[in-house]
Amino acid sequence: MIEEFNMTLDNMDTYTTGTGQKLYIHKATKECFEFNCVIHNPSNHVMKDFPTHWRADRGLMERICPHGVGHPDPDDLAFKYRKHGKIKMKYEAVHGCDGCCVSLENV
Ligand SMILES: [Zn+2]
Ligand SMILES: [Zn+2]
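Quick caveat, the model's predicted, so the values are computed rather than measured.

Draft legend 1. Quick peek at the coordination of the zinc ion (ligand 2). Those protein atoms acting as donors to the zinc ion (ligand 2) are Cys-65 (SG), His-67 (ND1), Asp-98 (OD), Asp-98 (OD) and Cys-100 (SG), and they sit at 2.0 to 2.7 Å. Going along the chain, you hit the donors of the zinc ion (ligand 2) in the pattern C-x1-H-x30-D-x1-C. Separated by 35 residues along the polypeptide, Cys-65 in the loop between β4 (60–64) and β5 (70–72) and Cys-100 in the segment after α3 (86–92) bring together distant segments of the chain. We note that Cys-65, like Cys-100, is buried.

Rendered as structure tokens:
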């Protein structure tokens, strides 16, 4: 998410993930509300109350389920779908899963 917004620190906000990471993130834009946004406008998905966790190595926001498993956030995947297309999105969605993110079937 971060690297896809070419911005300076001046026009960025800070955000603390559910696992306590401090991130620089994009300010809310029209797109955040026109679609959904993991930060500004989460959709009503099954993991929306799970803590967020930024995977800097993957450039992906995850949700950590009560069993400690990280699942890609569906709103971040939808964002990647809009920016990069379905193949890239499917690749990003690959993860070791314990079944808590059933909604990903519907992304
Ligand atoms: Zn999963
Ligand atoms: Zn789980």
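Draft legend 2. A look at the pattern of salt bridges. If you walk through the whole model with that rule in mind, you get nine salt bridges. For the salt bridge of Arg-63 with Asp-73, the shortest nitrogen-to-oxygen distance reads 2.6 Å. Of this pair, Arg-63 sits in strand β4 while Asp-73 sits in the loop between β5 and α2 (74–84), placing them 10 residues apart in sequence. This pair shows no difference in class: Arg-63 is buried, exactly as Asp-73 is.

Draft legend 3. Spatial organisation of the coordination of the zinc ion (ligand 1). Taken together, the protein ligands of the zinc ion (ligand 1) are His-71 (ND1), His-95 (NE2), Cys-97 (SG) and Cys-101 (SG), with distances of 1.9 to 2.3 Å. Angles of 103 to 118 degrees at the metal separate the four donor atoms of the zinc ion (ligand 1), which places the site in the tetrahedral class. Site description for the zinc ion (ligand 1): donor spacing in sequence, H-x23-H-x1-C-x3-C. Like His-95, the residue Cys-101 is buried in the burial classification.

Draft legend 4. Looking closely at the packing of aromatic side chains. Applying the stated criterion across every chain, the model contains zero aromatic pairs. The lysine or arginine in question, Arg-82, covers the ring of Phe-35, its NZ or CZ lying 4.0 Å from the ring centre.

About the cut-offs
- Residues numbered from 1 in each chain as written.
- Chains lettered and ligands numbered in written order.
- Predicted model: local features only at pLDDT ≥ 70, side-chain atom pairs only at ≥ 80, totals over all residues.
- Heavy atoms only, no water.
- Donors = N, O, S within 2.8 Å, 3.2 Å for Na, K, Ca; no water.
- Helix = DSSP H or I, 4+ residues; strand = E, 2+ residues; numbered from the N terminus.
- Buried < 20%, exposed > 50% of the residue type's maximum accessible area, 1.4 Å probe, protein only.
- Salt bridge = Lys/Arg side-chain N within 4 Å of Asp/Glu carboxyl O.
- Tetrahedral: all angles 85-135°; square planar, octahedral: opposite > 155°, others 65-115°.
- Phe/Tyr/Trp six-rings, centres within 6.5 Å; stacked < 30°, edge-to-face > 60°.
- Lys NZ or Arg CZ within 6 Å of the ring centre and 35° of its normal.

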